[in-house]
Amino acid sequence: MSKHLRNQLLRLLLEQQSPYISGEEISKQLGCSRAAIWKHVQELRNQGYEIEARSRNGYRLISKPDRIAPEEINFYLQTEVLGKEIRYYPAITSTQESAHQWALAGAKEGSLVIADQQTTGRGRLGTSWVSPAGTGIWMSLILRPNALLKFASHFTLLAAVSVFEAIQSLSSYPIHIKWPNDLLINKKKVCGILTELKGEQDRVDYMVIGIGLNVKQNDQLPSHATSLEEAAGKQYIRAQVIAQILQRIELCYMEYVKEGFAPIRKRWEAGAQSFFGREVQAKTWNGVIKGIAEGLNDDGALIIRSEGEKRIIYSADIQM
Ligand code: BTN
């Protein structure tokens, strides 16, 4: 039985409504022998699936591991374009690196690189991103928007608002956006987004949106960071969270293509209410600017009122 058939077997077990599905039913649906089913049940068990087998009743899935391989994500995915091609790695240096290589080799819009662990995960402004095995969502999405380079920051904000809304739909605790695209819970960072792109003259050739979301608490998390599970006090199925994020990005992206930046900006501002009107420090390449965060301009840049003057910030590390 091929890997494809094993995935189909897994899908049957995941979708099973009544307690058991008989070996006969599986072999009818998948067109394979009972012996082949048994062999692949054993393989799924080796991957961490707990499957009960009863000679009279058939098979029943009791519990599943928190895996993020494509077959797991596909089970939850309802998108049209995003995540239709996935490259999954148990461990990798950085999903950003791999996504750039794939994009240069012609990856389609919506292709996704995802890893269970990153050994040298990258953060914004030259920082590193701690990405231990099995604890988070480390993924890079390739987009090919028909956009001018000067609008690239719209996509950074679009990604932030999408992840923000995806998390909101899965939980009820307060979450906030900090410009440009950090997500905070209880003033601690739970998600960071790194947008990188390649341009052709004045247009975007492709964009790689790297999302790092801490799902499980782990002792490598820095003190200024938190995880979804710590905030919610419950467990998450990472594959489901990934599917939800892709779904939101797709909706926002379609909205952007149809209606431009205005609706995204409105929703971003709704998520960043606690940020505006506050005293902030922006560490830019040219020095530190202190002032009150006032809003966004049409490019998505941050407006800071500093000593009576309006300063426009395109890239900075913000302290509040
Ligand atoms: C930040 O500094 O806030 C951005 C962090 C982005 C981390 C993600 S994890 C997946 C992707 N691969 C990387 O190496 N970085 C991004």
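Preceding this paragraph is the structure being described.
What comes next is a walk through the structure.

Definitions and limits used
- Residues numbered from 1 in each chain as written.
- Predicted model: local features only at pLDDT ≥ 70, side-chain atom pairs only at ≥ 80, totals over all residues.
- Heavy atoms only, no water.
- Core = buried A, V, L, I, M, F, W, Y, C linked by side-chain atoms within 4.5 Å.
- Buried < 20%, exposed > 50% of the residue type's maximum accessible area, 1.4 Å probe, protein only.
- Helix = DSSP H or I, 4+ residues; strand = E, 2+ residues; numbered from the N terminus.
- Domains from an automatic or database assignment.
- Contact = heavy atoms within 4.5 Å.
- Pairing = 2+ DSSP bridges.
- Axes fitted to C-alpha atoms, helices over the stretch in contact; angles between N-to-C directions.
- Near = heavy atom within 4 Å.
- Polar contact = N/O pair within 3.5 Å; in protein donor to acceptor, adjacent residues only side chain to side chain.
- Areas by Shrake-Rupley, 256 points an atom, 1.4 Å probe, with all protein chains shown as cover.
- Nonpolar A, V, L, I, M, F, W, Y, C, P; charged D, E, K, R; others polar.
- Salt bridge = Lys/Arg side-chain N within 4 Å of Asp/Glu carboxyl O.

Observations concerning the nonpolar core
- By size, the foremost hydrophobic cluster in this structure holds 66 residues, and its most contacted members are Trp 179, Leu 213 and Trp 268.
- No other element matches helix H6 (residues 152-170), which puts eleven residues into this core.
- Mapped onto the domain boundaries, this core takes at least three residues apiece from domain 2 (70-271) and domain 3 (279-319).
- Sequence-distant contacts of Trp 179, defined by excluding residues within four places in its chain, comprise Leu 157, Trp 268, Phe 275, Leu 296, Gly 300, Ala 301, Leu 302, Ile 313, Tyr 314, Ser 315, Ala 316 and Ile 318.

Some details on the sheet that holds strand S11 (residues 203-214)
- The strand order across the open sheet built from seven strands is S3-S4-S7-S11-S10-S9-S8, with neighbouring strands paired in mixed fashion. Looking at strand neighbours, the two that pair on one side only are strand S3 (86-89) and strand S8 (176-178), the edges of this open sheet. For this sheet, the mean angle separating the axes of adjacent strands, direction not counted, is 20°.
- Note that S8 and strand S9 (residues 182-185) share three bridges and pair antiparallel. The residue bridging Lys 178 from the neighbouring strand is Asp 182, located in S9.

Considering the site of the ligand
- Around the ligand, 21 residues are found, and the nearest of them are Ser 94, Gln 118, Arg 122, Arg 124 and Lys 189.
- In this structure, a nitrogen atom belonging to the ligand sits 2.8 Å away from a side-chain N or O atom of Gln 118.
- Within the backbone of Arg 124, an N or O atom sits 2.6 Å from an oxygen atom of the ligand.
- Protein burial of the ligand: of its 420 Å² of free accessible surface, 98% is covered by the chains.
- Taken together, the elements giving at least two residues each to the shell around the ligand come down to helix H5 (95-104), strand S5 (118-122), strand S7 (136-143), strand S10 (188-200) and S11.
- No other element matches S10, which puts four residues into the shell around the ligand.
- Residues that form the shell around the ligand fall into these classes: six nonpolar, eleven polar and four charged.

Re the pattern of salt bridges
- Applying the stated criterion across every chain, the model contains 26 salt bridges.
- In this structure, the salt-bridge partner of Lys 216 is Asp 66, at a minimum N-O distance of 3.4 Å. Here Lys 216, found in the loop between S11 and helix H7 (228-232), pairs with Asp 66, found in the loop between strand S2 (58-63) and helix H4 (70-76); they are 150 residues apart in sequence, far enough to count as distant.
- Residue Lys 216 is classed as buried on the basis of its relative accessible area, which comes to 18%.
- Assessed through its relative accessible area of 22%, Asp 66 is described here as partly exposed.
- Between Asp 182 and Lys 178 there is a salt bridge, with its nearest N and O atoms 3.8 Å apart.
- Connected via shared salt-bridge partners are Asp 66, Asp 116, Lys 216, Glu 229 and Arg 238.

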